[in-house]
Amino acid sequence: MQQQLKHQLDRELDYAAVRAAADRIAGAIRPVAVVPAAEGVWYALEYLQHTGSFKARGARNFLAAHHLAGTLPDAGVTIASGGNAGLACAWAARAQSVAATVFLPANAPRVKVERLRGYGADVRLVGDRYAGALAACEQFAAESGALSSHAYDHPLIAAGAGTLLDEIRAGLPGLDTVVVAVGGGGLFAGIATAAREHGVRVIAVEPENCRALNAALEAGRLVDVTPDSVAADSLGATRVSAAALAAAQDDNVESLLVPDTAITAARRALWEEHRIVVEPGAATALAGLRAAPRPPGERVAVVLCGANTDPADLADGAPS
């Protein structure tokens, strides 16, 4: 059994990996609520997830799999991320009663640092850029033996995120299309893997100037991009994962770019029409739906994937 579990840690992303992830994280994460939003459109409210984003699914699956396989070291887990992935890693580590050491730039927002420490993480502030924090994280892992986690580029992380698709299908029978924002590609790769199993179409939406997946599709290989968008804090990966590129090359996937103005408008619309506050990265998915024509009678789910944001700019001037 131990050897079988270790083998599963190294497997490629496939639907069996997504189903195994669903078994591991059952009862530990909040099943997604799917609610009607407009004619033929439903919202998957994943921003209600633990830590405020879908990242909790992958982090929990990653650590649970290593725990079951006996490969979770005494030094715990480490990650370089002051964003949603770092929060999710710290939360999942606390649930497994293991140490989490999170590296981020010294100029990271204080609110993120305080939230990480609230989850019990050992926060290390290094340099003024993510690259410096990543280098320090890698050195720490090498010296301490801590398990290195990644924000998106790992089969266990992507498989955990992919558990969303079957939950959406359970809440919305007859689902035709799912719309999802793409940054590094972990959420997209997981969802697209499960969607392919069920013949569900996927629309992968990126900001025009945060187009790591779209650029890779255009080039036919992984390429680096320079992120520059209102949604760059959560979608600003310089390179998409190989699993995401492979998933995007399926005939049932459409890559779509939207301008920042459309993202801002979609985020504002969510607030004004539904009193939903999400981060720009989550609103990117809705911006994509608003830009894409839909066949009559199609049943579409839009994944609202995270809400770690400051709502002040939405609430200003709003009536109480």
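Going by the structure above, here's the rest.
Residues numbered from 1 in each chain as written. Predicted model: local features only at pLDDT ≥ 70, side-chain atom pairs only at ≥ 80, totals over all residues. Heavy atoms only, no water.

**Here we look at the pattern of salt bridges**
Selection rule: A side-chain nitrogen of Lys or Arg and a carboxyl oxygen of Asp or Glu constitute a salt bridge if their distance falls within 4 Å. Each helix corresponds to a stretch of at least 4 residues labelled H or I by DSSP, and each strand to a stretch of at least 2 residues labelled E; elements are numbered beginning at the N terminus. Using a 1.4 Å probe on the protein chains alone, a residue whose accessible area is under 20% of its type maximum counts as buried, one over 50% counts as exposed, and one in between counts as partly exposed.
What the rule picks out here adds up to 10 salt bridges. Among the ionic pairs, arginine 201 bridges to glutamate 298, the shortest N-O distance being 3.0 Å. Note that arginine 201 is positioned in strand β8 (residues 201-207) and glutamate 298 in the loop between α13 (280-291) and β10 (300-303), a separation of 97 residues in sequence. Residue class for arginine 201 comes out partly exposed when judged on its relative accessible area of 22%. In this structure, arginine 268 engages glutamate 272 in a salt bridge whose closest nitrogen and oxygen atoms are separated by 2.9 Å. You can see arginine 268 and its partner glutamate 272 sitting in helix α12 (residues 260-274), 4 residues apart, about one turn around the helix. What makes arginine 268 partly exposed here is its relative accessible area of 28%. Bridged by salt links that share partners, the residues Arg19, Asp166 and Arg169 form one connected network.

**Digging into the side chain of serine 149**
Applicable threshold: Here, two residues are considered to be in contact whenever any of their heavy atoms come within 4.5 Å of each other.
Its location among the elements puts serine 149 in the loop between β6 (147-148) and α7 (155-171). Setting aside chain neighbours within four positions, we find serine 149 in contact with Phe62, Val77, Thr78, Ile79, Cys89 and Ile157.

**Concerning the sheet that holds strand β5 (residues 122-125)**
We count it as follows: DSSP calls a pair of strands paired once it identifies at least 2 bridges connecting them. Axes here refer to lines fitted to C-alpha atoms; in helices the fit is confined to the stretch in contact. Angles between the N-to-C directions go from 0 to 180 degrees.
The 4 strands are arranged β5-β4-β3-β6 in an open sheet whose pairing can be described as parallel. The open sheet terminates on both sides in strands that have one partner only, identified here as β5 and β6. Summarising the sheet, strand β4 (residues 100-104) and β5 pair through 4 bridges and their orientation is parallel. Following the sheet pairing, valine 102 is matched in β5 by valine 123. The sheet contacts of helix α5 (residues 110-118) involve β4 and β5, and relative to β5 the element is tilted by about 150 degrees. Strands in contact with helix α6 (residues 130-144) are β3 (77-80), β4, β5 and β6; relative to β3, the strand with the most contacts, it is inclined by about 160 degrees.

**What to know about the environment of glutamate 208**
Here glutamate 208 lies in the loop between β8 and α9 (212-219). For glutamate 208, a relative accessible area of 40% translates into the label partly exposed. Separated by 164 residues in sequence, glutamate 208 and alanine 44 place their C-alpha atoms 24 Å apart. Not counting chain neighbours up to four residues away, the residues in contact with glutamate 208 comprise Leu257, Val258 and Pro259.

**Some thoughts on the sheet that holds strand β2 (residues 41-44)**
Spatial ordering of the open sheet is given by β1-β2-β10-β7-β8-β9, a layout of 6 strands whose pairing is mixed. Of all the strands in the sheet, the pair left with one neighbour each is β1 (34-38) and β9 (253-258). For this sheet, the mean inter-axis angle between neighbouring strands, taken without regard to orientation, is 25 degrees. Note that β2 and β10 share 4 bridges and pair parallel. The residue of β10 that forms the bridge with tyrosine 43 is valine 302. The strands touched by helix α8 (residues 186-198) within the sheet are β7 (177-181), β8, β9 and β10, with β7 carrying the most contacts at an inclination of about 165 degrees. Docked against the sheet, α12 engages β1, β2, β8 and β9, running at close to 95 degrees with respect to β9.

**Some thoughts on the side chain of threonine 163**
Worth spelling out the cut-off: Whenever two N or O atoms come within 3.5 Å, that pair is a polar contact, provided that in protein one can donate a hydrogen and the other can accept it, and provided that, for residues adjacent in sequence, both atoms are side-chain atoms.
Its place among the elements puts threonine 163 in helix α7. Among the polar contacts made by the side chain of threonine 163, one reaches the main-chain carbonyl oxygen of glycine 160 at a distance of 2.6 Å. Beyond its immediate chain neighbours, meaning those up to four positions away, threonine 163 contacts Val18, Ala21, Ala22, Ile25 and Arg57.

**Some points on unusual backbone geometry**
Residues other than glycine seldom take positive phi values, yet threonine 51 does so here, at roughly 70 degrees. Tracing the chain through its elements places threonine 51 in the loop between β2 and α3 (55-69).

**Some points on the pairing of β3**
On β3, burial covers both faces: Val77 and Ile79 on one face and Thr78 and Ala80 on the other are all buried. Pairing geometry for β3 and β4, over 4 bridges, is parallel. By the bridge assignment for β4, threonine 78 is matched with threonine 101. Both β3 and β6 contribute to a ladder of 2 bridges, which runs parallel. Residue pairing for β6: valine 77 is matched across the bridge by leucine 147.

**As for the packing of helix α2 (residues 15-25) against α3**
Let me state the cut-off plainly: Note that the term roughly parallel is reserved for angles under 35 degrees, roughly antiparallel for angles over 145, roughly perpendicular for angles of 65 to 115, and oblique for everything else. Residues were grouped as follows: Ala, Val, Leu, Ile, Met, Phe, Trp, Tyr, Cys and Pro as nonpolar; Asp, Glu, Lys and Arg as charged; and all remaining residues, including Gly, as polar.
Contact geometry of α2 with α3 gives a least axis separation of 9 Å together with a crossing angle of 85 degrees. Relative to α3, the element α2 is oriented roughly perpendicular. On the side of α2, the interface is formed by Ala21, Arg24 and Ile25, while α3 contributes Arg57, Arg60, Asn61, Ala64, Ala65 and Leu68. Of the residues contributing to the contact of α2 with α3, the split by class is 5 nonpolar, 1 polar and 3 charged.

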